[in-house]
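Take a look at the letters that make up each chain.
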Amino acid sequence: MSYSTKVLDHYENPRNVGSFAQDEEGIATGMVGAPACGDVMKLQLKVNKDGIIEDAKFKTYGCGSAIASSSLVTEWVKGKTLDQALDIKNTHIAEELALPPVKIHCSVLAEDAIKAAVADYKSKHGTTVETNMCSSH
Amino acid sequence: MVKTPVYLDYSATTPVDPRVADKMIPYLVEKFGNPASRSHPFGWEAEKAVEEAREQVAALVNADPKEIVWTSGATESNNLAIKGAAHFYSGKGKHLVTVMTEHKAVLDTMRHLEGEGFEVTYLDPEPSGLVDLEKFKAALRPDTILASVMLVNNEIGVIQDIATLGEVCRGKGVLFHVDAAQATGKVEIDLAKLKVDLMSFSAHKTYGPKGIGALYVRRKPRVRLEAQMHGGGHERGLRSGTLATHQIVGMGEAFRIAKEEMATENERIRALRDRLYKGLSQIEEAHLNGDMEWRVPHNLNLSFNFVEGESLIMAVRDLAVSSGSACTSASLEPSYVLRALGRSDELAHSSIRFTIGRFTTEEEVDFAIDLVTRNIGRLREMSPLWDMFKEGIDLSTVKWASH
Amino acid sequence: MSPVYFDHNATTPLDERVLAAMLPYFREHFGNPSSRHEYGREARRAVDGAREQVADALGAHPSQVIFTSGGSEANNLAIKGAAAGLTPSQLAISAIEHPCVAKPAQELAAQGWKLAKIGVNTAGRIEGDALEQALRQPTGLVSVMLANNETGVIQDVATLAETARKHGALVHSDAVQALGKVSVDFSVLNVDLLSVSAHKAYGPKGIGALIANKAVEIKPLIVGAGHEKGLRAGTENVPAIVGFGIACELAVRRVSELQGRLRGLQGELERGLHGMGAVIFGAAAERLPNTSFFGFPGIEGETLVMALDNAGFAVASGAACSSGSTQASATLLAMGVDNELGRAAVRVSLGKDTTGEQVREFLGALQGELKRMRGLAAMAA
């Protein structure tokens, strides 16, 4: 199996690996996937009081493409509002990393991780920040 | 500095030993005759070389040269032994016995026979990878014509007790076939003592060339087979086709070297394997696959928990090793051998088979220990499952949001 | 001094360029093509490259190439493998097929197939009428060789295939002896299955291929870990496959020049043979340019072959795999040659390195031997 240079770069030098303390103010966590499926992704967002994602961290159990997809997502969400983050689609990730068809599910999982983290934030903060989260569907 | 990728996949194939190559080349160039040509020296010279090689192969396993039939490799030998015997003896019965952890060449042949109306019992091995004698005995029936058990497993390197299994078969009048493709040069084989009726060999796992193998067919008591390849009547009609002299010569020389050097070579290899195991067993949550006592010294098969299989292979790509994931066209299939030992899919996926051989050095082993240790650490740093394990969470109780 | 080799239909010496291509795959690039690491991928690329070379040389697509351990296996796979995908009906093969076609056909005859032998004329050619006759019965598979290993007679396979296909039969052709001596093109021959072997064309022993139209359902003879798209299991013989690839490429490159040169030598040889009273079998048919199968009435072929060996010429009394047998060749009997003349048969098959001088020396030696043998016969009479 051959990987694109971008996948290899993220795999070799993953950005933003790590965790925030769950109880820290403004932290949202999304965990998706299952060991039996071969991928588990944990994405954490640090959201400031203006509703902007200040920082993001990930941990991923999965193949090189899954690691690269999550690493890429942590870079992309920074500086975005939660709404803007939800605009990141798996197709963008797949295209950026030049994922082959058999690896598209990795980008889907990364998109799901964003959704899960945003949903976690909303469940903790009511609906004060976001509106219209399903508009793009 | 070692040259990468470091080859630790000697059970997949081996380089041809330089001494083997030197013996083969003249039979590719000036001694090119067809061994079946009876009318001129080109043919005689080739035939003589073929018969010398037959003696060398027979000598390694203490058989009569007349009991050795050349084939294109162990896969063909397995096909010929199992189908050939099943067809010939189908009047006696239609039942065969084998083990779930056999090579695909045996399992697929069995499935093929099932399609022809034969019945096959596939025994589960013990978690150690070994066949339980009582379960084996219980599987043999009055209508069983043949049992097939490999001597050395290709993935986990465990050695089956074919001496005892053979006695059981002989006692019950069941033919016993043994796939010894992974065994030559690694374990002693004495066919004068073993109650084995058919045994498959390959050259390219023992520093000989690809494309050549042999089948041992016992003469006393005589075992008969229905030929699978018909034509000019080569190999006493058991296997037609022009004999590839250079390959046969190569196999002969490879087996001669194996006979001469296996005792000292295996000790050197055992020391390397033990060094590798000692180094890698420092890694937390590294699980050995297969029995350690009944095992060839060349093999080490470990599963690394909480690390995903494909990323593991990617992480260790400076090592040429095999993983427990067989890559099919679209998905990763966990190794059926490790699954048969009762390993979970995850552990089967995150396994690495290290196989050490004639040209492996201590530096290479140390390089492997360092590389694997560093990368397992790196991947676990990235793994949410490792965090959870460290926090004491039992992963089997977690409800996963599957996608 | 090494004898002059005039038995190229039994096997050929390896071309030195083939050897050079093969050598790195024994030691440096020794990987198993099924391995996913770099050693394996390198071996896989080599196999893929050779598959393209073989396909290109034979006018086929790489996906139509199934590597086997040689011509015999390719023929077994063609006959038994294709038959296994069909409902048993009639299998029609020519009366002059190699045993590795004829014997699998006999096997099928024991499994519900009706076996028809298509006869040949006195020149050794299959006539369209004989095939038509056989095709009156519903026929699943027809096998006709492209060039006979003993007489060298070339069949009009394209026309025969068209006839067979009109009757709904699959067509196989054994092109083992033709490869490298005349043009062999899968698409021109328009057959469904075509067998070739490397070692008859200056490639290594132990490798061959079946070229198969993918519409034909083939059941594998050797099953296992699914190599060759499940049609032929077993670790690929990488050095031999590499050698086969380059041998095919070289064969195509040299064939027209070689054909012309060999025709010249064949003409010279056969004029000489004629002058000494030889009967040349299949002389009335189009033949391979390197093959002369002949007999001197009253002179045992085996004896003459031995005498020629003593004189320094390696020739054969027929096919290598039947050598040692005292029966006349089945091919000759099928052509209506009587058993006695049949037993006089000697085969000379020339190669790419054969020189005119060698041919003339051979004729000289033969003349001497004949004189001696005829003298002995006269004395005995």
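What you see is a predicted model, and the numbers here were worked out from it, not measured in a lab. (Residues numbered from 1 in each chain as written. Chains lettered and ligands numbered in written order. Predicted model: local features only at pLDDT ≥ 70, side-chain atom pairs only at ≥ 80, totals over all residues. Heavy atoms only, no water.)

Caption draft 1: Expanded view of the domain arrangement of chain C. All names here are of chain C. Here chain C is partitioned into domain 1 (4–10 + 255–380) and domain 2 (16–250). Between the C-alpha centres of domain 1 and domain 2 the distance comes to 28 Å. Contacts between the two partners involve 28 residues from domain 1 and, on the opposite side, 26 residues from domain 2. Carbon and sulfur atoms make up 59% of the area that domain 1 and domain 2 hide from each other, which totals about 2,200 Å². Where domain 1 meets domain 2, there are 0 salt bridges. Across the contact surface, domain 1 and domain 2 share 11 residue pairs in polar contact (both at pLDDT 80 or more). Those elements that place two or more of their residues in the side of domain 1 that touches domain 2 are helix 9 (238–275), strand 10 (291–295) and helix 11 (330–334). Broken down by class, the residue content of the side of domain 1 that touches domain 2 amounts to 14 nonpolar, 10 polar and 4 charged. (Domains from an automatic or database assignment. Contact = heavy atoms within 4.5 Å. Buried area = accessible area lost by both parts, 1.4 Å probe. Salt bridge = Lys/Arg side-chain N within 4 Å of Asp/Glu carboxyl O. Polar contact = N/O pair within 3.5 Å; in protein donor to acceptor, adjacent residues only side chain to side chain. Helix = DSSP H or I, 4+ residues; strand = E, 2+ residues; numbered from the N terminus. Nonpolar A, V, L, I, M, F, W, Y, C, P; charged D, E, K, R; others polar.)

Caption draft 2: Focus on the interface of chain B and chain C. Across the boundary between the two partners, chain B contributes 64 residues, which contact 57 residues of chain C. Here chain B meets chain C over a buried area of about 4,600 Å², counting both sides, of which 62% is carbon and sulfur. Run the count over chain B and chain C and you get 0 salt bridges. Remark: the boundary between chain B and chain C carries 20 residue pairs in polar contact (both at pLDDT 80 or more). Secondary structure elements with two or more residues in the side of chain B that touches chain C: helix 1 (18–28), helix 2 (41–60), helix 3 (74–88), helix 4 (104–115), helix 7 (245–280) and strand 13 (325–327) of chain B.

Caption draft 3: View of the packing of helix 2 (residues 64–77) of chain A against helix 5 (residues 104–125) of chain A. Residue and element names in this part refer to chain A. Packing of helix 2 against helix 5 leaves a shortest axis separation of 9 Å and a crossing angle of 40 degrees. It follows that helix 2 is oblique to helix 5 by the angle criterion. The way helix 2 lies across helix 5 gives a crossing that is right-handed. From helix 2, S65, A66, S69, V73 and V77 reach across to helix 5, where they touch C106, S107, A110 and I114. In the contact of helix 2 with helix 5, the residues fall into 6 nonpolar, 3 polar and no charged. (Axes fitted to C-alpha atoms, helices over the stretch in contact; angles between N-to-C directions. Parallel < 35°, antiparallel > 145°, perpendicular 65-115°, else oblique. Left-handed = near helix turned anticlockwise from the far one by under 90°.)

Caption draft 4: Expanded view of the pairing of strand 4 (residues 119–123) of chain B. All names here are of chain B. In terms of strand pairing, strand 3 (residues 95–99) meets strand 4 through 5 bridges, oriented parallel. Pairing of L96 across the sheet is with V120, part of strand 4. Note on the crossover from strand 3 through helix 4 to strand 4: the handedness is right-handed. (Pairing = 2+ DSSP bridges. Right-handed = clockwise from strand over helix to strand, strands pointing away.)

Caption draft 5: Molecular detail of the packing of aromatic side chains. The tally for this structure, following the rule as stated, stands at 21 aromatic pairs over all chains. A ring pair is formed by B:F201 and B:F255, whose centres lie 6.2 Å apart and whose planes are at 90 degrees; its orientation type is edge-to-face. Separated by 54 residues along the polypeptide, B:F201 in strand 7 (residues 198–202) and B:F255 in helix 7 bring together distant segments of the chain. With relative accessibility at 0%, the residue B:F255 sits in the buried group. The structure contains a cluster of three or more aromatic residues connected by ring pairs, namely B:Y7, B:Y10, B:Y207, B:F359, C:F30 and C:Y39. Above the plane of the ring of B:F118 lies B:K94, whose end atom (NZ or CZ) is 4.7 Å from the centre. We note C:R27 situated over the ring of B:F359; from NZ or CZ to the ring centre the distance is 5.5 Å. (Phe/Tyr/Trp six-rings, centres within 6.5 Å; stacked < 30°, edge-to-face > 60°. Buried < 20%, exposed > 50% of the residue type's maximum accessible area, 1.4 Å probe, protein only. Lys NZ or Arg CZ within 6 Å of the ring centre and 35° of its normal.)

Caption draft 6: Expanded view of the sheet that holds strand 2 (residues 39–47) of chain A. All names here are of chain A. Reading across the sheet, the 3 strands line up as 1-2-3 and stay open at both edges, with antiparallel pairing between neighbours. Bordering the open sheet on either side are strand 1 (27–34) and strand 3 (53–61), each of which pairs with just one other strand. Looking at each pair of strands side by side, their axes are set apart by 10 degrees on average, direction ignored. Strands in contact with helix 2 are strand 2 and strand 3; relative to strand 3, the strand with the most contacts, it is inclined by about 175 degrees.

Caption draft 7: Up close: the layout of surface pockets. Residues and elements named next belong to chain B. The space that makes up the second largest pocket amounts to roughly 720 Å³. Lining the second largest pocket are 36 residues, with V69, E235, R236, G237 and L238 sitting closest to its centre. Secondary structure elements with two or more residues in the lining of the second largest pocket: helix 2 and strand 2 (68–71). In terms of residues, the lining of the second largest pocket owes the most to one element, helix 2, which gives 5 residues. (1 Å grid on protein atoms, 1.4 Å probe; cavity = no way out; pocket = protein on both sides within 12 Å on 5 of 7 lines; lining within 4 Å. Points joined across faces, edges and corners; volume = space filled by probe spheres on them.)

Caption draft 8: Inspection of the interface of chain A and chain B at higher detail. Contact residues are listed per partner, giving 31 residues for chain A and 25 residues for chain B. Buried surface at the junction of chain A and chain B, both sides included, amounts to about 2,400 Å², of which 64% is carbon and sulfur. The largest per-residue losses of area from chain A upon contact with chain B belong to A:Y11, A:K59 and A:Y61, which jointly make up 28% of the total buried on that side. Across the contact surface, chain A and chain B share 3 salt bridges. Put simply, A:E12 and B:R317 hold a salt bridge, and the shortest N to O gap is 2.7 Å. For the pair chain A and chain B, the interface holds 11 residue pairs in polar contact (both at pLDDT 80 or more). For the side of chain A that touches chain B, the secondary structure elements donating two or more residues are helix 1 (5–12), strand 1, strand 2, strand 3, helix 2 and helix 5 of chain A.

Caption draft 9: Region of interest: the pairing of strand 1 of chain A. Residue and element names in this part refer to chain A. Here strand 1 lies mainly inside the structure; 7 of its 8 residues are buried. By the bridge criterion, 8 bridges tie strand 1 to strand 2 in an arrangement that is antiparallel. Within the sheet, the bridge partner assigned to I27 lies in strand 2 and is K46. Where strand 1 folds back onto strand 2 in an antiparallel hairpin, the turn is made up of 4 residues, including G38, whose phi is positive at roughly 90 degrees.

Caption draft 10: Just the confidence of the model for chain C, in detail. For chain C, per-residue confidence averages 95 on the pLDDT scale, and 98% of positions sit at 70 or higher. Reported confidences for the modelled complex are a pTM of 0.94 and an ipTM of 0.94. (pLDDT = per-residue confidence, 0-100.)

Caption draft 11: Main features of the arrangement of the chains. Most contacts, compared over the 2 pairs of chains touching, are made between chains B and C. In this assembly chain A lies apart from chain C, the nearest approach of their C-alpha atoms being 8 Å.

Caption draft 12: How the structure looks around the sheet that holds strand 5 (residues 144–148) of chain B. Residues and elements named next belong to chain B. Taken in spatial order, the 7 strands make up an open sheet running 2-8-7-6-5-3-4, and their pairing is mixed. Single-partner strands in this sheet number two, and they are strand 2 and strand 4. The mean angle between the axes of side-by-side strands here comes to 20 degrees, regardless of whether they run parallel or antiparallel. Relative to strand 5, strand 3 is paired through 3 bridges, and the arrangement is parallel. Along strand 5, the bridge assignment pairs V97 with A147. On the sheet, helix 3 packs against strand 2, strand 3, strand 5, strand 6 (175–179), strand 7 and strand 8 (213–217) and is oriented at approximately 165 degrees with respect to strand 7. Lying on the sheet, helix 7 is in contact with strand 2, strand 7 and strand 8; it crosses strand 7 at an angle near 100 degrees.

Caption draft 13: Main features of empty space enclosed by the protein. Within this structure, the stated rule accounts for 11 cavities of 30 Å³ or more. What the largest cavity holds in volume is close to 350 Å³. Forming the walls of the largest cavity are 32 residues, and the residues nearest its centre are B:T242, C:H98, C:V176, C:H199 and C:K200. Among the elements that line the lining of the largest cavity, the one with the most residues is helix 4 (residues 71–84) of chain C, at 4 residues. Its residues assigned to classes, the lining of the largest cavity comprises 10 nonpolar, 17 polar and 5 charged.

Caption draft 14: Representation of the pattern of salt bridges in the model. Residue and element names in this part refer to chain C. Taken as a whole and assessed by the stated rule, the structure comprises 56 salt bridges over all chains. Of the charged contacts in the structure, one is a salt bridge between E228 and R51, with a shortest N-O distance of 2.9 Å. Residue E228 is located in the loop between strand 8 (208–212) and helix 9, and its partner R51 is located in helix 3 (residues 38–57); the two are separated by 177 residues in the primary sequence. By relative accessible area, E228 is classed as buried at 10%.

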